[in-house]
Amino acid sequence: MAVGNVAIPQTIYTIDGIKLSATAAGVRYKDRDDLVVIEIDEGSEVAVVTTKNAFCAAPVIVLREHFGQASPRYLVINTGNANAGTGADGKQRAQAICAALASNAGVNTDTVLPFSTGVIGEPLNSDAVIAGLDTALMNLSSDNWLSAANGIRTTDTVPKLASQQIKIADIDYHITGISKGSGMIRPNMATMLGYVATDANIAPELLQEMLSAINEQSFNRITVDGDTSTNDCCVLIATGKASHETIDSAKHPHYQPLFEALKSVFIRLAQLIVRDGEGATKFMTVKVTGGKISQECCDVAYAVAHSPLVKTAFFASDANWGRILAAVGYAGVEDLDTEQISVYLDEVLICQNGGVAPDYTESAGKEVMSRSEITIHIDLARGDASDTVYTCDLSYDYVKINADYRS
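Residues numbered from 1 in each chain as written. Predicted model: local features only at pLDDT ≥ 70, side-chain atom pairs only at ≥ 80, totals over all residues. Heavy atoms only, no water.

Visitor: Explain the overall build of the chain here, please?
Guide: Tallying secondary structure elements over the chain gives eleven helices and 16 strands in all. Compactness check: the chain gives a C-alpha radius of gyration of 22 Å against a globular reference of 22 Å for 407 residues, within 12% of the reference. Within the chain, residue pairs in contact and separated by at least 24 positions form 81% of the contacts whose partners lie at least 6 positions apart. Looking at charge distribution, the chain has the averaged site of its 30 positive side-chain charges lying 4 Å from that of its 49 negative ones. (Helix = DSSP H or I, 4+ residues; strand = E, 2+ residues; numbered from the N terminus. Rg over C-alpha atoms; globule rule 2.2 N^0.38 Å. Contact = heavy atoms within 4.5 Å. Lys, Arg positive; Asp, Glu negative; His and termini not counted. Charge placed at Lys NZ, Arg CZ, Asp CG, Glu CD.)

Visitor: What am I meant to see in the sheet that holds strand β3 (residues 45-50) here?
Guide: Within a beta sheet, neighbouring strands are joined by backbone hydrogen bonds and run either parallel or antiparallel to one another. Taken in spatial order, the five strands line up as β3-β10-β8-β7-β6 in an open sheet, and their pairing is mixed. Unpaired on one side and paired on the other, β3 and β6 (160-168) mark the two borders of the sheet. Taken pair by pair, the neighbouring strands of this sheet meet at an average axis angle of 10 degrees, ignoring direction. Strand direction decides the pairing type here: strand β7 (residues 171-180) and strand β8 (residues 193-198), joined by six bridges, are antiparallel. Bridge pairing in β8 places Thr-176 opposite Ala-197. Contacts between helix α1 (residues 58-66) and the sheet are confined to β3 and β10 (233-238), with β3 contributing the most and set at about 140 degrees to the helix. Lying on the sheet, helix α5 (residues 204-216) is in contact with β3 and β10; it crosses β3 at an angle near 35 degrees. (Pairing = 2+ DSSP bridges. Axes fitted to C-alpha atoms, helices over the stretch in contact; angles between N-to-C directions.)

Visitor: I keep staring at the packing of helix α2 (residues 87-105) against helix α3 (residues 126-138) and nothing clicks. Help me out?
Guide: A pair of packed helices is characterised by two quantities: the angle between their axes and the separation of those axes. For the pair α2 and α3, the least separation of the axes is 10 Å and the interaxial angle reads 25 degrees. In terms of orientation, α2 lies roughly parallel with respect to α3. For the crossing formed where α2 meets α3, the hand is right-handed. Residues Arg-93, Ala-96, Ile-97, Ala-100, Leu-101, Asn-104 and Ala-105 of α2 form the contact with α3, whose participating residues are Ser-126, Val-129, Ile-130, Leu-133, Asp-134 and Leu-137. Its residues assigned to classes, the contact of α2 with α3 comprises nine nonpolar, two polar and two charged. (Parallel < 35°, antiparallel > 145°, perpendicular 65-115°, else oblique. Left-handed = near helix turned anticlockwise from the far one by under 90°. Nonpolar A, V, L, I, M, F, W, Y, C, P; charged D, E, K, R; others polar.)

Visitor: What is the right way to read the nonpolar core from this model?
Guide: Core analysis: the biggest nonpolar cluster contains 47 residues, and Tyr-173, Val-196, Ile-202, Phe-219, Leu-258, Leu-262 and Phe-266 have the highest contact counts within it. Listing elements by their share of this core, those giving two or more residues are β3, β6, β7, α5, β10, α6 (255-275) and β16 (385-392). In terms of residue count, the dominant contributor to this core is α6 (13 residues). Aside from chain neighbours lying at most four places away, what touches Phe-266 is Val-196, Leu-211, Ile-214, Ser-218, Phe-219, Cys-234 and Leu-236. Judged by nonpolar contacts, the second largest core, of 38 residues, contains Cys-298, Ile-341, Val-343 and Ile-376. (Core = buried A, V, L, I, M, F, W, Y, C linked by side-chain atoms within 4.5 Å. Buried < 20%, exposed > 50% of the residue type's maximum accessible area, 1.4 Å probe, protein only.)

Visitor: For this particular structure, what's the right way to read the packing of aromatic side chains?
Guide: The geometry of an aromatic ring pair is captured by the separation of the ring centres together with the interplanar angle, meaning the angle of the planes. In this structure the tally under the stated criterion is six aromatic pairs. Judged by centre distance (5.8 Å) and plane angle (65 degrees), the ring pair of Phe-219 and Phe-266 falls under edge-to-face. Highlighted residues: Phe-219 in the loop between α5 and β9 (222-223) and Phe-266 in helix α6, separated in sequence by 47 residues. Among the residues examined, Phe-219 registers a relative accessible area of 0% and is labelled buried. A relative accessible area of 0% places Phe-266 in the buried class. Look at Phe-315 and Tyr-396: their rings are 5.1 Å apart centre to centre, the planes differ by 85 degrees, and that puts the pair in the edge-to-face class. (Phe/Tyr/Trp six-rings, centres within 6.5 Å; stacked < 30°, edge-to-face > 60°.)

Visitor: I'm lost on unusual backbone geometry in this one. Help?
Guide: A negative phi angle characterises most non-glycine residues, just as the trans form characterises most peptide bonds. For Asn-83, which is not a glycine, the phi torsion comes out positive at approximately 50 degrees. Looking at the secondary structure, you find Asn-83 in the loop between β4 (74-81) and α2. Owing to a relative accessible area of 0%, Asn-83 belongs among the buried residues under this scheme.

Visitor: In this structure, what is going on with α6? I would like to understand it.
Guide: The α-helix advances 3.6 residues per turn, and as a result positions three or four apart in sequence lie on the same side. End to end, α6 covers 30 Å across 21 residues, agreeing with the expected 30 Å (1.5 Å per residue, within 8%). Extensive coverage of α6 is indicated by the burial of 17 of its 21 residues. (Expected span 1.5 Å × (residues − 1).)

Visitor: Could you clarify how one ought to interpret the environment of Thr-281 in this entry?
Guide: Residue placement: Thr-281 occurs in the loop between α6 and β11 (283-291). Once the C-alpha coordinates of Thr-281 and Val-356 are considered, the two residues, 75 residues apart in sequence, prove to be 27 Å apart. If near-sequence neighbours (up to four positions away) are discounted, Thr-281 is found in contact with Val-3, Phe-315, Ser-372 and Asp-393. Reaching out from Thr-281, the side chain makes a polar contact with the side chain of Asp-393 at a distance of 2.3 Å. (Polar contact = N/O pair within 3.5 Å; in protein donor to acceptor, adjacent residues only side chain to side chain.)

Visitor: Explanation requested: the sheet that holds strand β12 (residues 342-345) in the structure shown.
Guide: Judged by pairing direction, the sheet is mixed, and its seven strands sit side by side in the order β9-β16-β11-β15-β12-β13-β14 without closing on themselves. The strands lining the two open edges of the sheet, one partner per strand, are β9 and β14 (355-356). Running at roughly 45 degrees to β16, α6 makes contact with β9, β11, β15 (373-379) and β16 of the sheet.

Visitor: Just checking my understanding: could you explain the pairing of β8 for this structure?
Guide: As a general feature of sheets, a regular strand has side chains that alternate between the two faces. Counting buried positions over the six residues of β8 gives six, a clear majority of the element. Here β8 shows a buried face lined by Leu-193, Tyr-195 and Ala-197 and a second buried face lined by Gly-194, Val-196 and Thr-198.

Structure, rendered in structure tokens:
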């Protein structure tokens with residue numbers, strides 16, 4: 001069951017220039033939407049980031065080959081099968097899906113970008129995907145964001161969707177995005193797919209820079225179980241329909257407020273993945289301040305967030321805070337003065353100057369640990385840098401879900 005606020009926004013803004021559909025193609029499960037197509041108007045700009053896993057999936061390979069050859073017009077996403085660990089056959093299947101969609105839509109094959117998610121190492125039922133494309137194309141609509149969010153789910157228990165409107169000067173900009181992910185989640189992307197679109201007019205080079213920067217602060221700051229997937233991809237689309245004026249640099253007056261609005265949507269989508277972590281019962285924010293550089297703060301935050309001992313302690317509401325200190329210690333920060341470190345659980349100071357805080361009590365720690373949302377704040381007291389990572393606890397159900405994943 002997902003943790004905390006995972007509600008779908010009351011208003012889901014359509015994005016002029018984007019249409020979506022979700023179809024039950026029978027890739028793995030019967031009577032469940034598992035094929036999503038996103039149509040992108042001509043003239044739109046598209047930015048992409050993909051997994052850093054060397055054993056990347058066939059659709060990621062094909063996507064990389066297509067991206068940059070032509071302006072993307074269609075995204076095709078199947079769930080139930082990752083088409084990873086499938087060799088040359090898997091690549092041929094991904095290419096066949098792109099070719100079929102291109103033929104049906106009357107576009108060039110390299111304008112189609114494929115995505116897959118699900119079980120690794122099994123042949124993709126590409127015939128089922130191809131058979132479902134006609135229906136998918138017929139059902140394209142600008143208001144199908146929620147259907148698409150449901151259509152890209154695998155072990156996700158809730159659809160993940162965020163939407164926002166921002167007025168800058170006299171222009172109304174809209175941003176809507178969906179994501180999926182629940183397990184095999186860690187930085188360098190995660191078993192996650194994310195698709196965000198805006199009607200802003202953003203130059204292509206700047207759009208890619210914005211996506212890379214925002215991704216580092218959102219999808220690359222989450223972890224459920226420390227496993228980097230073979231299939232992670234994130235796409236940012238700017239259709240340019242809101243204004244004829246192009247935002248072409250960070251100095252443009254619309255850039256910073258739009259950047260912050262996009263970042264807000266991305267962080268919401270990333271946090272939803274953690275809140276829906278497989279078997280999760282608690283949502284944890286690991287905030288590290290006082291670092292010399294942000295990278296060491298990130299290293300410390302991930303050491304704590306990845307630790308199975310920390311995560312299981314939080315599941316049990318056990319205020320065994322020594323596990324946090326141990327993780328900080330092995331994070332690899334050079335010349336770390338442990339006697340300067342302080343650690344808070346929400347408002348409770350548990351560790352001060354490297355040892356137990358004078359006013360700390362076990363009952364106070366236990367009370368915080370029993371909450372469903374907790375912030376671990378670690379102050380390294382050696383500089384002004386900071387970073388934040390989002391994670392969840394590790395429960396019995398995580399093992400059950402992943403032990404039974406293929407059944």
